[in-house]
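Structural overview
What follows is each chain in one-letter form.
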Amino acid sequence: MKKHPNITLALILLLALSIGSFQGRRLDRLFEAQAFLQWIASVGTNERLGLDGSVGADESEKYEDDTLYSDVVVATEATLLAQLGDDFVAEEGHSALSQALENRTHDAAIYRLVKSAKLAPLRGQFLEKLRAGKLEYTQELSYAAIMSGLEGKGSVSIFNLFFGFRKVAANFIWLQVDRYWHSGLLHRMIPLMKTCVLLDPNFVDAYLLGAWHLGYNVTASMDYTPYPLRTWVDKYQDCLGEQESYYYISIDFLKDGIRNNPRNYKLYFDLGFGMYREKLEDTENAVKYLTYAARLPHERWVPRMLYKSLEENGEYEKALEGWHLNLERFPEHSVSLRSIKRLKGLIAERNAGEAKAKAKATTDVAEREALMSEYRAFAAEAREIWVEMDEPYAAARALRLDAIERAEKGLYLEAVSYLDKGRFEAGSLFVEFSDLIIEFKNAGGLPLSLSEQKQLIREEEGVSCVGMPESVREERVAELRERRKPTI
Amino acid sequence: MSVVIETKGLSKIYESSFRGQDVHALTDLDLTIKPGEIFAYLGPNGSGKTTTIKMLLGLIFPTKGSIEILGLKDIASAKVRKNIGYLPEGAYYPDFLRGEEILRFYGQLYGLGGKKLETRISEVLEEVGMTHARKRLLRGYSKGMRQRIGLAQALISDPQILILDEPTTGLDPIARKEMRDILARLRDQGKTLMISSHELLEVELISDRVGILYQGKLQKLGTIDELLTDRDLSIEVESASEEVLSTLSEKGITAEDRAGGKLTLRVASTLNSYDALTLCKEHQLNLISVAPRRETLEELFVRTVGEAQDRSKA
Amino acid sequence: MSAAVDYLRGPWHIAVFTWREGIRKKTLVGFLLLSLFVIFGSFFMSSFLNQTTGSGQIETEIDTKLIKDICVATISIFGMLITIFISASVVPNEVENKVIYTVLSKPVRRMQYLLGKFVGIQMIVLANLMLMTLLFLIAIYIRQGEFPKLLLWSALLTYFEFLVVSAFTFAISCSASSAVLPTIGGLFIYLTGNLTEYLKDVSNRSEGTELADVTIGRIADGLYYILPNLQKFSIKTEILGLSSGAPLPPEVAEQIPNLIAYGLAYAVSGYVIAYWIFRRKEL
């Protein structure tokens, strides 16, 4: 130092700069690993939830996410299972990777794996494909550190233009979205909403509110589109009218949100409850997404909505189990208590119906007698529960049992009047009871009312729309027949 | 030790980025300062005084030549630094601090601390006559008080050598007098003082030895007595006509000053006093007083600078 | 050991002195007030959102996000300005008012002096950052009723970003005689530090065979590897998006210490450059 100060200083400076440069490269590798992990999480979520891509089939051919992801799954499966130990069980048909990604518990193990030398070639492929724009599920703008120098792209990402304050920009865009909403410029909101989440893919509230605007507010002023005027859309496997097309835009928006934030229950909840249950009346999908929502850290109403949807989807036992759990956590919770009773009643009713159907099918007299007494016992049990519950819904269910009893005796007109009383007693049963009324009226040769005739016509119409493939149409016709089959 | 500061061939050239524009701030300075003396370092602005002092303190680095302080070549060493107190010209002292806080900070830089430092602060404040203001914020200090606090910080480590750059500039007459007294007291304590100044009257009053610097070169060096050897006569008369004055000046008597109906004549040392008086009588001048006169430092200074200017012109 | 303590005693007193002087600077207080104004002003921004929406419950979360993002940006920008102004002015100011003469004529080596000044600057910058973060925490607490702990990580990373800019600005300030040039230089460092990615772009684009192309590409590449990239610190804004209750995700937990090491390495480089300039500087 004393003898050659300049040389010493130069050496120290060189050393410090080298460490800095080295650290910089190291950070680049870490950011790359993070980007890889984020992408795996997005595609893994896709796999786990069976989501569709957000682009149409013809466009999805341009992307290579799936092939790369399956390579990653193959490369990681054995190691990951070994690392996670025996307690870890992947769900049927799911890769260990996508399953492990669901919650935080296995994050460390996955990250280790993603960083490991074993996955280096795949990581390289990922970066190459990312830079070539061949990956669909990437939060491109977040990857500033590794996005530079993309061939044929805008090169330096938008990220840099905001000096790392992308999120602030996203907020200001959101303020503008809000402003458009209040001035009724709905068509201007949509591109801005998309820009907003492009800038900040973790802006969960933008997804939620955006989807809410699309699914609820935008569609509120639109008219119902009759089925013959709707158009078949392959991607959604559904006939879309004006409103429905917005429902699906909303659903896609939420699914994008889920891919980018797979661990936020709100997105699953809004998708399952807000869109599938409330708007599309698709209880199966509602159950699916509410199940995922309930697995993540959530608010207390999430599982309750799940149990409700399970009930609506006919999964009484699961719903019952759920309400019992809820009661354990919140003793004396009145809704739980009521729901448990209701489900017990419904199960008894279903058992009764099954026993009766079997009795009808059998030829053995003794067996039929046994089944019929079983049926009566279940019916009595159900009736007991309904009477005990003493509320409009239960009263209506009891009326249904009465109606069936009358119908069995051939007293169809009486049966219909019981059901008619019942469906006004409990509005939630209107559709179910109306179907039964039509069935009884047909069985008894009674004339259908004008509205009932209309309903049947609508149902007939509902099996087809513009551009619907023949195979789908046939399926739907079969479904409708199944629904109209006599139950009593 | 016979010498506290010694420079040999000390030169400083400020290189310019333009060829031939280099500034020779100091050229071949050979200087020795002895213990216990007050050395006055004189020179007009830009003559190289501050450059020399900065080199002595290691604030700038010599282009050529050597410096030895207290016999040591490493002038940045703690041993040297502990024995030098420095009062820069026109320095600012943070005005959010109190008098004693400033001194505490500087004392801490010497590695002082605790009780020892506190006693020393009191001593130094006493020495510069600032005890009354020790708890006051510097914001409320007058210029003289600030200068005294500056002197106090230079004294805090009780150094052997004090280097003071323009210590009395900008002070009122009373403050100057007080400063002068402090400096004299310090000399009496056995400290070595190097004072750079152009307040010549001040310096003349207290200094033992003088160096006159001009254009980076030491023009004169010696004790006051050695340098101011010129002695002559000054004659005060009531008045004299221009004609008479021109005749007298041919003989060696020059008019020097005209004030309040008096005229002061200066008699060149070549002329005998008696002859001069005779000449006055011949021209019928009314004498008011006759007094012997020694050349002032100012005159020496002006003369030296004038000579140097002539030399450089030639 | 005691030699090291002795060596550091002087720098420590200088640091404390710098700190006491620095916190009284008017520009600093001004910036601080301005940033507080923005932090609490973000409340109004969100209430403006509330007013027009009317549906309270869902919006409160967006409010908080808005406040968080704006506050982190504010802390970042104003903190950076304060850092640059302080780092640029401490040494030149002392040269200008000649206090440096009185200090360097004491038994203080230039290395010690610079160390003291640099540490003093860091104390001011840190105090500022902590004050702003604290106020931000309070602002969020008023809004949300809980302290966002992740913000502390964010603040930590923000500091190391400041440290890099501070060190290089300090180096410039050591070569300058007034604070103007180093201030401009500091702003320049901040801007270019954020645009380092463009160098990579330049080197990628200059793939021609011509000598000029190749040379420019090489130079850009070299600079890209040497210069600090402040964008790397932008995970400070990403951290806030994470859920606050859970521990840090492993990838972020690994990035933080590496970023700190990165910042330190460049801070040391900046300081070495500063000393190199200052070592034989004519004062």
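Residues numbered from 1 in each chain as written. Chains lettered and ligands numbered in written order. Predicted model: local features only at pLDDT ≥ 70, side-chain atom pairs only at ≥ 80, totals over all residues.

1. A closer look at the overall build of chain B
- The helix and strand inventory of chain B stands at 11 helices and 13 strands.
- When the backbone C-alpha atoms are referred to their principal axes, chain B occupies close to 75 × 50 × 40 Å.
- Taking all 314 residues of chain B together, the buried fraction comes to 37%.
- Put simply, 70% of the contacts in chain B that link residues at least 6 apart link residues at least 24 apart. (Helix = DSSP H or I, 4+ residues; strand = E, 2+ residues; numbered from the N terminus. Buried ≥ 20, exposed ≤ 12 C-beta atoms within 10 Å, placed from the backbone. Contact = placed C-beta atoms within 7 Å.)

2. So, the overall build of chain C
- Across its full length, chain C holds 11 helices and 0 strands.
- The dimensions of chain C, computed from C-alpha atoms along their principal axes, are 65 × 60 × 40 Å.
- Going through the 283 residues of chain C one by one, you find that 49% of them count as buried.
- In chain C, the proportion of contacts linking residues at least 24 apart, taken out of those at least 6 apart, comes to 81%.

3. Observations regarding the interface of chain A and chain C
- Each partner contributes residues to the interface: chain A has 41 residues there, and chain C has 46 residues.
- For the side of chain A that touches chain C, the secondary-structure elements that each account for two or more residues are α1 (5-49), α5 (107-115), α7 (144-147), α9 (166-182) and α11 (204-220) of chain A.
- Counting residues per element, the side of chain A that touches chain C draws most heavily on α1 of chain A, at 17 residues.

4. Brief notes about the pairing of strand β7 (residues 192-197) of chain B
Residue and element names in this part refer to chain B.
- Counting buried positions over the 6 residues of β7 gives 6, a clear majority of the element.
- Of the pairings in the sheet, the one linking strand β3 (residues 38-42) to β7 comprises 5 bridges and is parallel in character. Of the residues in β7, the one forming a bridge with Leu42 is Ser197.
- Regarding topology, helix α6 (residues 173-188) serves as the crossover connection from strand β6 (residues 161-165) to the parallel β7, and that connection is right-handed. (Pairing = 2+ DSSP bridges. Right-handed = clockwise from strand over helix to strand, strands pointing away.)

5. Some points on the sheet that holds strand β1 (residues 5-14) of chain B
Residue and element names in this part refer to chain B.
- Judged by pairing direction, the sheet is antiparallel, and its 3 strands sit side by side in the order β2-β1-β4 without closing on themselves. Since the sheet does not close on itself, it has two edges, and those belong to β2 (23-33) and β4 (64-69), each with one partner. Within this sheet the neighbouring strands show an average axis-to-axis angle of 20 degrees, counted without direction.
- Where β1 meets β2, 7 bridges bridge the pair, whose relative direction is antiparallel. From the neighbouring strand, Glu6 faces β2, where its bridge partner is Thr32. (Axes fitted to C-alpha atoms, helices over the stretch in contact; angles between N-to-C directions.)

6. A short note on the packing of helix α10 (residues 186-199) of chain A against α11 of chain A
Residue and element names in this part refer to chain A.
- The N-to-C vectors of α10 and α11 enclose an angle of 160 degrees; their axes lie 10 Å apart at closest approach. Comparing their axes, α11 and α10 come out roughly antiparallel. Pair α10 / α11 crosses with left-handed handedness. Between α10 and α11, the residues in contact are Leu186, Met189, Met193, Cys196 and Val197 and Ala206, Tyr207, Gly210, His213 and Val218, respectively.
- Here the contact of α10 with α11 is composed, by residue class, of 8 nonpolar, 2 polar and no charged. (Parallel < 35°, antiparallel > 145°, perpendicular 65-115°, else oblique. Left-handed = near helix turned anticlockwise from the far one by under 90°. Nonpolar A, V, L, I, M, F, W, Y, C, P; charged D, E, K, R; others polar.)

7. Some points on the pairing of strand β12 (residues 262-267) of chain B
Residue and element names in this part refer to chain B.
- Pairing analysis gives 6 bridges linking strand β11 (residues 253-259) to β12, with the strands arranged antiparallel. Note that in β12 the partner of Arg258 across the bridge is Leu263.
- Between β11 and β12, which pair antiparallel in sequence order, lie 2 residues; one of them, Gly260, sits at a positive phi of approximately 55 degrees.

8. Some points on helix α16 (residues 316-329) of chain A
- Look at α16 of chain A: 20 Å from first C-alpha to last across 14 residues, which is about the 20 Å you get at 1.5 Å a residue.
- Lining the buried residues of α16 of chain A we find α15 (301-312) and α17 (334-361) of chain A. (Expected span 1.5 Å × (residues − 1).)

9. Quick look at the domain arrangement of chain B
- When cut into domains, chain B gives domain 1 (5-227) and domain 2 (231-294).
- A separation of 43 Å is found between the C-alpha centroids of domain 1 of chain B and domain 2 of chain B. (Domains from an automatic or database assignment.)

10. A closer look at the arrangement of the chains
- In this assembly, 2 pairs of chains are in contact, and the pair contributing the most contacts is chains A and C.
- Separated without contact, chain A and chain B have their nearest C-alpha atoms at a distance of 12 Å.

11. Topic: the sheet that holds strand β9 (residues 217-223) of chain B
Residue and element names in this part refer to chain B.
- Spatial ordering of the open sheet is given by β5-β6-β7-β3-β8-β9, a layout of 6 strands whose pairing is mixed. In this open sheet, the two strands that pair with only one neighbour each are β5 (84-87) and β9. Geometrically, the sheet is characterised by an average inter-axis angle of 15 degrees between neighbouring strands, direction not taken into account.
- Bridge count between β3 and strand β8 (residues 209-214): 4 bridges; the pairing is parallel. Within β8, the residue paired with Ala40 across the bridge is Val210.
- Contacts from helix α1 (residues 49-57) reach β3, β5, β6, β7 and β8, with the element oriented near 145 degrees to β6.
- Of the strands in this sheet, β5 and β6 touch helix α5 (residues 143-155), which is tilted by about 165 degrees from β5.

12. Remarks on the nonpolar core
- The biggest cluster of nonpolar side chains holds 221 residues, and the ones touching the most others in it are Cys196 of chain A together with Ala152 of chain B.
- Top element by residues in this core is helix α3 (residues 56-96) of chain C. It accounts for 18 residues.
- Every residue in contact with Ala152 of chain B, bar those within four places of it in the chain, is listed here: Leu103, Val124, Leu125, Val128 and Met130 of chain B.
- Of all hydrophobic cores here, the second largest spans 29 residues; its members include Ala352, Tyr418, Leu429 and Phe440 of chain A. (Core = buried A, V, L, I, M, F, W, Y, C linked by C-beta atoms within 7 Å.)

13. A short note on the interface of chain C and chain B
- Across the boundary between the two partners, chain C contributes 21 residues, which contact 23 residues of chain B.
- Tallied by class, residues from the side of chain C that touches chain B come to 8 nonpolar, 5 polar and 8 charged.

14. Focus: the confidence of the model for chain C
All names here are of chain C.
- Per-residue pLDDT for chain C has a mean of 85; in total, 93% of the residues score no lower than 70.
- When the criterion is pLDDT under 50, residues 50-57 qualifies, and its contacts beyond four places in sequence or with other chains add up to 7 contacts.
- As a predicted assembly, this complex carries a pTM of 0.85 together with an ipTM value of 0.88. (pLDDT = per-residue confidence, 0-100.)

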